[in-house]
Amino acid sequence: MYSIKILVLSDIHSNFIALEAVLKDAESYDAVICAGDIVGYGPDPGDSVERLKELNPKAVLGNHDVGVTTGHGPVSNFNVYAATAVNINRRLLNQAQLKWLGRLPETLKLDLMGVKVSVFHGSPYHPIWEYIFPQEAKLRAREFLEAAKSDLLILGHTHVPFIHRLDKRILANPGSVGQPRDGDPRASYMTIEIEDEEIETFNHRVRYDIQETEERMRAKGLPEVLYKRLYIGR
Ligand code: ZN
């Protein structure tokens, strides 16, 4: 019997302290999937990108990754705090890191031991920008799974975790490592275990040192509202 364990991360948002806490908590895994927004908002884009690169992840682009790597265009879609953080994050990354981020695909299709997996930051229709919150995901699970032609569809972007099962198929969002918004400030991530084409998914929450993240954010001149929200998970 052969099984694999996959670590699923999303919306790390340059929160390196939270990322480290998640990796420590997850202990061992065979592969890493990332549903986008590696950078933006937080204080440590460079360390976050480097740490992620070491894990050789299957990753897609998020809207903040686009803003940070292009430095224009989509930035106009951000509110003033997000845009400020995008600009600060861009300055904190070197050329190689920007290049690595900019080369991430918008969509990802994987075959994991016979299980068809799709990954989008937003939705199958608008991979970068569309928000699919848990309630809508539940109502439209069949439609989304069919649109993505997948057994397992992973979304990010909302920072709100969910796992919806439909027959043997699953639509899920791992929540956000670096800026949870479901009222629980702990870092959120997901693990998938596949054995004999059976899929099991688990959501995990991990405490991390939010104060340390706040100090780093202050030192980099990031807006107060962006570290205040970390304490309440909103
Ligand atoms: Zn995000």
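Going by the structure above, here's the rest.
Residues numbered from 1 in each chain as written. Predicted model: local features only at pLDDT ≥ 70, side-chain atom pairs only at ≥ 80, totals over all residues. Heavy atoms only, no water.

Student: When you look at the sheet that holds strand E8 (residues 169–173) in this model, what are you seeing that I'm missing?
Tutor: Spatial ordering of the open sheet is given by E4-E5-E6-E8-E7, a layout of five strands whose pairing is mixed. Both outer strands of the open sheet, strand E4 (107–112) and strand E7 (162–166), are each paired with one neighbouring strand and no more. The mean inter-strand angle of the sheet, taken between neighbouring strand axes irrespective of direction, is 15 degrees. Of the pairings in the sheet, the one linking E7 to E8 comprises five bridges and is antiparallel in character. (Pairing = 2+ DSSP bridges. Helix = DSSP H or I, 4+ residues; strand = E, 2+ residues; numbered from the N terminus. Axes fitted to C-alpha atoms, helices over the stretch in contact; angles between N-to-C directions.)

Student: Any chance you could explain the coordination of the zinc ion here in plain terms?
Tutor: Under ideal tetrahedral coordination, the four donors around a metal are separated by 109.5 degrees; under ideal octahedral coordination, the six donors are separated by 90 or 180 degrees. All of the protein donors around the zinc ion are Asp 11 (OD), His 13 (NE2), Asp 37 (OD) and His 159 (NE2); their distances to the metal are 2.0 to 2.4 Å. Bound by four donor atoms, the zinc ion shows angles of 85 to 176 degrees at the metal and therefore irregular coordination geometry. (Donors = N, O, S within 2.8 Å, 3.2 Å for Na, K, Ca; no water. Tetrahedral: all angles 85-135°; square planar, octahedral: opposite > 155°, others 65-115°.)

Student: I tried to follow the packing of aromatic side chains on my own but got confused; where do I start?
Tutor: Aromatic rings considered in pairs are described by the distance between their centres and by the relative angle of their planes. Counted according to the given criterion, the structure contains three aromatic pairs. Ring centres 5.5 Å apart and planes at 50 degrees place the aromatic pair Phe 78 and Trp 129 in the tilted group. Placement of the pair is Phe 78 in the loop between helix H3 (63–70) and helix H4 (80–92) and Trp 129 in the loop between strand E5 (115–120) and helix H6 (134–139), with a sequence separation of 51 residues. Judged by its relative accessible area of 12%, Phe 78 falls in the buried class. When the ring of Tyr 131 is compared with that of Phe 133, the centres are 6.0 Å apart and the planes differ by 10 degrees; the resulting orientation is stacked. For Tyr 131, a relative accessible area of 36% gives the class partly exposed. Over the ring of Tyr 41 we find Arg 229, and its NZ or CZ is 5.9 Å from the ring centre. (Phe/Tyr/Trp six-rings, centres within 6.5 Å; stacked < 30°, edge-to-face > 60°. Buried < 20%, exposed > 50% of the residue type's maximum accessible area, 1.4 Å probe, protein only. Lys NZ or Arg CZ within 6 Å of the ring centre and 35° of its normal.)

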